[in-house]
Structures are given as C-alpha cells and as structure tokens.
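# Close look at the chain arrangement
Each chain, letter by letter, is given below.
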Amino acid sequence: MQIERTFWKVLIAFAAFGLVLLIAGKHPLQAYADTAVFVLGSLEGFTELFVRMSPLVMAALAVSIPARIGLFNVGGEGQIYMGALFATGTALSLAHAPSWLLLPATLASGFAGGAVWALIPALMRIKGVANEAITTLLLNYIAPLAVGYMIFGPWRSPESLSYPQSPKLVEGARLAVLPGTRLHAGLLIAAACLALCAYVLYRTRWGLEMRAIGGNALASQHLGLPVRSYIGACMAIGGGIAGLAGMAEVSAIQGRLVAEISPGYGYMGFLVAWLAGPSAAKTVAMAFLLAFISSVGDVLQITQGVPFAVVNILMAAILFSVLCGGKRAGALQ
Amino acid sequence: MIAVLIVATLAASVAAGTSLLYATLGEIVAERAGVINLGLEGVMLAGAAAGCAATSVTGNPYWGVLAAVLAGAAISVVFAYAVVDCGANQLAAGLSLLFLGLGVSALIGRPYSGAIIHGLPSMSLRAPLEQGAAVLSVDALVLLALPATALVWWALSATRWGLRLRAVGENPAAAFAAGCNRRRLQYQAVLLSGACSGLAGAHIALAVAFTWAEGMTGGRGFIAIALVMFARWNPWAAVAGALVFGGAEALQLQLQASGLDVSPFLMNMLPYVLTLAALPLTGRAGRLAAPAALGRPYTGVE
Amino acid sequence: MKLDTQRPAREASSPLISAHNIVKRFGNLTASDVDLFEVRPGEVHGLLGENGAGKSTLSKILYGYYRPDSGEIRVEGSPVSLRSPAEARALGIGMVFQDFTLIPALSVFENIVLFMQGLPRVLDRRALQKQIAEAAASLGTSMDLEVPAGALSAGDQQKIEILKQVLAGARVLILDEPTKVLAPQECSGLFATLAELRSRGYGIVLITHKLDEVLEAADRISVMRKGRIAGVLDPSAATQAGLLALMFEGRGTREMTRRTARSFGANALELRGVCTDDEGHAVPLGDVSLRVREGEILGMAGIAGSGQRELGALVVGRTRPRRGTKMLWEQDAGEWSIARLRQSGVAFVPENPLEIACVGGLSVAENFALGERRYRRGLGIDWPRVQADAGAAFDRIGFPRPPLAARMRTLSGGNVQRAVMARELANRPRLIVALYPTRGLDVRSAQAVRDKLCASAGEGAAVLLVSEDLDELFDLCDRLVVMRRGRIAGEFEPAGYAPEAVGAAMVGAAEMQRAN
C-alpha cells in the first residue's frame, strides 16, 4: 500500500515537472524517452545509473543514520567535499607508500574528513548552541571553498594551468574499476555500509538504543542512555559515510580532486532518505530513482540546453507530493 | 588610509546588508507565527531570476522588483500548503522549497545568464575624505529598508493582527481558544516572508550584481535564518545583524581590492564562518526568546 | 454581549445555558451521555465526579471545544450550535481550563487583550488598559499588566483567566478543577471571587472531584459517573457518604492506603545545602537539605513551580548540584551519571509516563530491556531473558501481564504506569523517586501505584514522593517537606499534618495575609 502510494506520488511529480518544462517551451516527453533509451539501451547508460547510485546510497545513509535519533543532517554535500579533500591529502602525501597501506589510508581519511565535518554541528547541538539543520547547511558552503582553495593553491596541478585541479592520484590510491565501464568498488562499499547499518539498527543493542532515543529522547535520558554520545557517534558515522562517497568520486571517477566533486549528491541523498525511511531495500530503490532523475538532468542539458539545476524542480515536486500526502507518508522515522 | 577602508566597508555593508535585512525581516514574521523556512535561499533565487527576466523584458527595473516580489510569494504557496494545511515537517518542506527555487530560477534565468542587466538606478553619496573614493550607492530598496523595518516592528507589536500572529507562534492551542485563525495567519506570514525574500533577491540581482548567475545568492538565505536567531526575533536588532554580516562580505571585497594577498576562497568563507561563530554568542537568553511553538506542526483541535 | 453589572441575583429563572441529551463518543469510549445539565443565573453549579467520569468532556462540549455526536445546547432557552470556543464566547460562555491557556511569553495585557471581542485593528493601549483595570477592580483585584504572564503565580494566573473571560463578555463561567493548582489559602480567595461573580448574576460551573469544596461553594451539585449524571442534589441535603455513593456506585468509602508502622534504616538519600543554576525556565534550587532513610516515605508538597521537578531531576541525575552535596548511601553521588545511579538502585516513577519514562513506539519488552547491562549478549539483546524477567516483575508486584510485544503507546494510561512501575521495581530499587505518579490516573490505577510504593517502603526502599494531593501525602508519608521558590519552607511530622499549616508553608506568610 505504501509502495503504491509512493509510486503514484512520484508519477504525479514527473507529470508536474513535465508541465513546467512544457510551459518553458521544452519537450519533457522527449527528454524522458531519451533518458529511458539511454539507460536501458546502452551499457554506458545502464552502468552510469549504478555509478550514480553509489554516492546516492552513501549520502542517504548520511541523512538517515542521524535521523534514527531525531537529528536532521542536511550537510551531506559538505561532508562529501571534506571526505574528498582529506582523501586527496592522504593520497598525495603518501604517494610513495605501498598500496596495501595507501588505499586503506585513503579510505580512512575520506571517512575521517566527513566525520570531522559532521562533528562540528554535532558538538554545537550537544552544547545546545544551534539546531544541526542550519549549521550543516552553512558548512555545505564552506567545504567547496576549502576544496577550491586547495586546488587553486597548494595542490594546483602543474600539468593543467588552464583550469584548476589536483595532480592525478597514483594507482595505489585508486579504487578498482570494472574495465570498459565506470563501475567501481565504491558500489561495494556503499552496499557494505547499507548492510552494516541495517544490521546494527535491528540486531544490536546500539540500534535499539538509537531507536529509543529517536522515539523519545527525554525518556531515553531518564533510562540512563548516553544521548550525547549517540549524537556525536551518529553524526560522525553518517558524515563519515558521506566522506567515503567523496573519496570514491575522487579515487575512482575523477582520479584527482576537482572543483565540482559532487553535483548535489548530498541534497539528492536527503531526498532518497526521506522517501525510503529506515528500509534498506527502499533506499536502494529510491537511489535508483534519483540516479534516473540525474540522468534526465544530463539529457535535458545536452539535448535541449536546459541547465542541470532544473532537475531540482522534479526533486521538489516529488518531495512536496510526499509531504502533502499526509503525515505518515514518507518520513525519516 | 584605514579611514577610507572603514568607510568604504561601511558603505559596501549597506549594499550587501540590504538584501539580508529584507530576507531576515520576512523570516522574523514567519517564525513569529511558528513557521521556520529553510528554503529562503530558493525563494531569493527565484526572486532574483524573476527580477532579471522582467527587467530585461520590460526595460524597467521597477517592474523587475514587482516581479521578484510576486515570484517569491508565488513559490512559497506550495510550502505554506504543505506546512500549514498538511502539517508536514517544516525542515523537510523548507528543503523542498530550496530545491524548487534552485530549479525554477535556473530555468527562468538561463537566457539572462551573464548578461548585463540595467538594474535599479542609484544615487551616489560621497564621503568627504582626502582619498575620496568611498561611495555609498543608495537605491530605492536601500531607502525603503529602514521604513520596512519600522513597519514590521509596528505591525507585530501594535496591531491586532500582530498580536494574533505572535499568539499562534507561541501557543496555537491557546490562540485557537482565543479565536485566532491559525491557518490564515500562518499563510499570511509565509507569503509575506516569500515576498520579502523575493525582494531580497531582486536587490542582489538588480542593485548589486546587475546580472544573473545560477546560485548567485550564495547561501545568504541561510545566513538570514541564522540572523533571525541572532537578532532574537526582533526587527530592529536585525538591522544591526544585517550590517555586521553585510560588512563581512564587504570587508572581503575591500581586502581583495586593496591588494592583500589572501586567497579569495578563504575570504569567501568569511560570512559563513562568522555566522557559525556568532551562533554560540546568541546566548541562552537568545534561544529562549524563540517563539515557543516554532517548527512544530499543529495537530490539535481546530 | 454587554456586561450588565447592575442585575441582582435572580430566583430560579430560565437557565443561562442548558444541555439536552448530549452524547459524545471517542472511538469505543462513551465519554458523555447526559440527559439534562443546566446553569441558572446567580448560581454556582458543582459538577462532581472522579477522574475520567466525563466532567471535562461535558464542559468542553458546552464551550464549543468538542461537538457532540447528538443532542442540543440552548442558551437562554434558544437552541444554538457551537462550532468553536470563539462561537461559545460570542454567546457569553467562558471556560477556565486546568492547564491555563495563557501564553507565558506574552504580557498579561497582551494575554487579556487577545481574548477581547470587537478589538480595533490598531490597538489603543491606553483605552484598553483602562478597561482592564476597571474590570479587575470590580472583581476586587489589581495586577501589573506589563509582566510576562509566565512569571506570575498560579493563583494570579487563574485570576487573569477569569478576568479574560469576564472581559470577553462571558455570562457563564466554567471552571475545571480550579483548586488543583492552588494552596489551601488561595482557595478562599478563589471562592470569594466566585461569590462576587454569583452576586452579579453570573452562572458558574465548578468542576471538581473534592467533596468539601462542592459542599461549601455550590448551590446545586450534579454528580457524574461514567459519562452520565448520576444525581442532582441540594448541598444542604447532601452528605459526604451520599455523594461518594453516587460517585462510586455504592462503594461507599474510598479505599485508602494507610501508613504502616515501619522501622527506618540508614540514610539512603541525603542532600546538604544543594543549589542549582537557573537554566532557561527551571526554578533554581537554593540551599536544599533533606534526607530520606531506608524504609521511609518522605513526601514533598508545594504549589506548582516551587522547584519540585528540579529537585526530582537532580536526585535522578539529570542535573548536577552547583554547590552542596548529594549523598547516596554515604557516597558522594553529585557527579554520577544517570546510568550509574540506576545501577546503584535509584528508580524513577514520574507523571505522564509515556512522555517521560518510556518510549511509546517500542514494545513493553523493549522498554524493559533499555539501559540494562544485564541483558546484553554480545552485540545484541538476550530477549528470552528479558521476557522471563519482565513477566516475573509483573507477577511479583501483582499486576496483570500485558502483551510484552505490544507497543507501549497502545496501552491505557493506567497500564503504562503499571508497566513503568513493574520495570522500575523489578530489581528491588533502594531509592524510588516518585514525581506526581498518580496524576491523571483513574482511581484504581492510582490506588495500585500507592500500594506498590508502600510495599516497596515496607521492603526497605527509601521513597521520595512528590505530589500535589495533600490527602495522598498525609495518608502515605512518614514525614513531609514543603517546597517554595526552590527552597525547603517547612517540615512536618504526622502529628502536625494539617492543611492550614502545610498550606501556610506552601504559600508563605506574607501571601497568606493577602489571601485572607
């Protein structure tokens, strides 16, 4: 029943978006058709969906793990950038290390970058300074600037002076890629994170305590649960997973740190998490949907000259459609 | 030399702070009615794009301002419906509005991307200094900023409407018992906030940048939300806050212009870092000044 | 409706408001099934019944807060349809709730003005202030209008609530358990105000569960039981026993738990000179010293907002003392975490268990297991052991076992509190902090809670019982302290348990003068 309702809401959203495009003089049906042909009809298109799903799943986890205890982490975007930053830093400075050390170190620092970035709003929340919604959003603007600073400055690659990027990472720091495609080991990392989180949430006492805190933080406090520790831990782990997504983009897709490492995966991940709730299966399904939407955006840009950002309208339509359909329909908890 | 720098920064603060002030004033009204709008950024963008488009088409920047105000209010309607009528989570609905604004502005603004828009005419006031280059440019929106603040303050504190609006934001059940129409008041507050943010976007596009670029408001919408907290939901305090944060932007431009060798990226971080650093300074008393029912969807009897 | 203050009290004339054949159901529960209820001008009509008898529901229907499923309401003989409190007020019906509908952050002036009819768009402060001052004077009170309403005492807030309704043009005033939040001395002030209103021709509905109040203040008494009116009596002809019989289906006297003779052991809890900060809306504690011995029940009385909750939060471990010491079994426990305190045997039974003591969305078994080290098995939980222990816990204290897999929020209020008690008493706690544990419970559940607290004390636990019900405190407690403004204002032994003396400590000598 839930799946059916969500399906109709998504359909309505696609229709609404199509209407908007029509009014703007574009051809939505053509775009939808072109995208379908691309993703279903070519290896490149099909694998590209999975390439996008990897960061989307991880960005969704970055939102939903803190959401289990009632926190609103919208900083996925910034946490992805910081993960990318930290990972690049490690990969560049340990470039001569053996690969059994280099790759894990790069992974770990990617996680650390996202975790650190998420701990800042966590601490502010613990101290009662500010709600994490606003602090994570502000940090989303600082992180890309930090990346820009590094690639225009200390990490500026001498090879390409025309546009800024870091030097290429050595092979040892790069995640494995399936030859002929852009499919990379990041997908496995995403799947592992998803499975691990589902296990922890429903099979361990930490998961029980998280669900208790999310249900009633005051009562959990009275029962002696360490609520503040959970705030820190959940934000750090969520941020860390987003950081891994950033690391994967650098390590597998780009091969180096570039200015725009994420086309808004953080925000798309929020939408995935909101639509999917705590269910791992739904997370995968919604990530697939958003990956498709992302391809629609590309197609619109290439074939009809519409800026990619327009796809945000479709995202808004889906989210509003779910929000306006009643309280239980699509919620983080 | 320092005097010129200070005066020039102050002058530029006014230009940079005006849009912040309008957005903050609108958000103060909305939050006093109990609604927090994370999507301010999207509304400002929509206003900026609409302003550019209308100005280009009609050749008259004042039509652009009107278009921006209307666009801001229009785009906020679906957010108001979700939050007021459907009881949706306000933070999620706000993000949804952000996405909507990002997308709609990109669509409307694309033909004008990078084009030079002949925006609002302004008067230049020169400061009587030897170096002589400090210029305060005053356009219609700058002139209206302080009167707008006074209007918002008066409306909230001395009218029946303002009293009822504040009651809804503090305790909707008590307000209902007193006969206030929560739905109507919250709709009005949200639409007003949308109009103000649209106006803020218009100022950025038509009086500061004179062009359109995707995402040009650069997070000012979120700074405005932080400013509301910083100002303790008081319109007059918002003026001070807007000047300070406008000043941070202005300072960064001035430092760059004066040839200081600091990376523009680090300088661009200044307003956000300043905002984050200012949040702990609002103090406990500030946080207690928040409207008691802020952010909570109303599920009681009506 | 204009305020007519000149009209003398009438004889039995046509009722101001009457309700005919009202039926209201919430799901399966019939909350109201009333043939006739009416209020005449110049009358105080007492509406008596135990918790859950339907008094609140009926009054909310009269005030337009709920719409009845069937039946008719008439104002001065003409049928009306009330769709909201605003419509009720327009017809001259006013209600003062148990939880005041004052908005704490707004000033007294703003709270009153918000309620007034026919306000101009732009508020004329001077004229309105004058109008309010006049109305207040006619009721025999005066108040500072610019103070935020949240800063006033409960008695003053109640006066404002009444004034609000009078200024809004009410002719009928419904008061829902008005003495609940008042100290004994303040009650006489309230009744004086009601007498004043009655002499001016107002009709008053006084909702209460206290027999002596209704016998003292009412002109007529309607007794409610299970949503129906069980009888309408003249107070001069009614007796306590007769009223109780109507309230409780002939059960006669209420079963009361009596204090049993117990021997007391060493100090379980000792506070010496404890002070806390004022954070936000919390009342700061100042120089609080008290002790509770093993096997002893120490009661704590005080008007709402005197610091009882803050004291409870301190003992339970949510806050730390800024000065002074908190000793538990001779150890300095001031810095202990809540988890450590619970491990050492401190239990917490608060009011509103669904909001404060358990997670509604989780099952009974899951709530039982939360925070308990003993149930950890590897990374997970030893569920079979949890279920065995939970069942045994219910059996041991004599409560029926609820379905352990049911979500807490599906249980009734009384059953939630029973489940919380089963959990808290499961491991034989040595100190029980009970914070308004019987608030809002039906009589049976409240009785069960009291019995278990007594039984635990009998087994050697120390009990700190905070309550607003003086009868409950007098019946159960071996000693009684009174809190006022964050400090201990009096200590009483059983020999000295008298409402006047305790009330004096609750309210303070100076204010006692004012009320008299």
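Residues numbered from 1 in each chain as written. Chains lettered and ligands numbered in written order. Predicted model: local features only at pLDDT ≥ 70, side-chain atom pairs only at ≥ 80, totals over all residues.

### Some remarks on the overall build of chain C
Selection rule: Labels follow the DSSP assignment, with helices taken as runs of H or I lasting at least four residues and strands as runs of E lasting at least two, numbered in each case from the N terminus. Only C-alpha atoms enter the radius of gyration; for comparison, a globular chain is expected to reach 2.2 Å times N to the power 0.38, where N is the number of residues. As a rule, residues whose C-beta atom has 12 or fewer other C-beta atoms within 10 Å are exposed, those with 20 or more are buried, and those in between are partly exposed; C-beta atoms are placed from the backbone.
Within chain C one finds 18 helices and 22 strands. Taken over C-alpha atoms, the radius of gyration comes to 25 Å for chain C, in line with the 24 Å a tight globule of 516 residues would show. Each principal axis of the C-alpha distribution contributes one length, and for chain C these read about 75 × 50 × 50 Å. The buried share among the 516 residues of chain C stands at 45%.

### Digging into the overall build of chain A
Each helix and strand in chain A was counted, giving 13 helices and zero strands. The C-alpha radius of gyration of chain A comes to 20 Å, within 12% of the 20 Å expected for a compact globule of 333 residues. Projected onto its principal axes, the C-alpha coordinates of chain A cover approximately 60 × 55 × 35 Å. Within chain A, the fraction of its 333 residues that count as buried is 55%.

### A few points about the pairing of strand S6 (residues 93-96) of chain C
Residues and elements named next belong to chain C. The test is simple: Strands are labelled as partners when DSSP assigns at least two bridges between them.
Burial along S6 is two-sided: the residues Ile93 and Met95 and Gly94 and Val96 are all buried. For S6 and strand S7 (residues 172-176), the ladder comprises four bridges, and the chain directions are parallel. Within the sheet, the bridge partner assigned to Ile93 lies in S7 and is Val172.

### Topic: the interface of chain B and chain A
Formally: Residue pairs are scored as contacts if the distance between their C-beta atoms, which are placed from the backbone, is within 7 Å.
Counting residues at the interface gives 36 residues for chain B and 34 residues for chain A. At the level of elements, helix H3 (61-85), helix H4 (90-109), helix H9 (220-230) and helix H11 (264-278) of chain B are the ones that each hand at least two residues to the side of chain B that touches chain A. When residues of the side of chain B that touches chain A are assigned to their parent elements, the largest contribution, 12 residues, is made by H4 of chain B.

### A closer look at the packing of helix H3 (residues 108-115) of chain C against helix H5 (residues 154-167) of chain C
Axes are the key here: two packed helices are described by the angle between their axes and the distance separating the axes. All names here are of chain C. What counts, and what does not: Lines are fitted to the C-alpha atoms to define the axes, a helix being fitted only along its stretch in contact, and any angle between axes, read from their N-to-C directions, falls within 0 to 180 degrees. The handedness criterion is simple: a crossing whose near helix is rotated anticlockwise from the far helix by less than a right angle is left-handed, and one whose near helix is rotated clockwise is right-handed. Three residue categories are used. Nonpolar comprises Ala, Val, Leu, Ile, Met, Phe, Trp, Tyr, Cys and Pro, charged comprises Asp, Glu, Lys and Arg, and polar comprises the others, including Gly.
Viewed as axis vectors pointing N to C, H3 and H5 meet at an angle of 35°, and their least axial separation amounts to 8 Å. The handedness of the crossing between H3 and H5 comes out as right-handed. Across the interface between the two elements, Val108, Asn111, Ile112 and Phe115 of H3 pack against Ile160, Leu163, Lys164 and Leu167 of H5. Grouping the constituent residues of the contact of H3 with H5 by class yields six nonpolar, one polar and one charged.

### Things to note about the domain arrangement of chain C
Residue and element names in this part refer to chain C. Inclusion rule: Note that the domain bounds were set by an automatic or database domain assignment.
When its domains are assigned, chain C resolves into domain 1 (17-104 + 165-247) and domain 2 (267-515). Computed from C-alpha coordinates alone, the two centres of domain 1 and domain 2 are separated by 33 Å. Contact residues are listed per partner, giving 11 residues for domain 1 and 14 residues for domain 2. Here the side of domain 1 that touches domain 2 is composed, by residue class, of three nonpolar, five polar and three charged.

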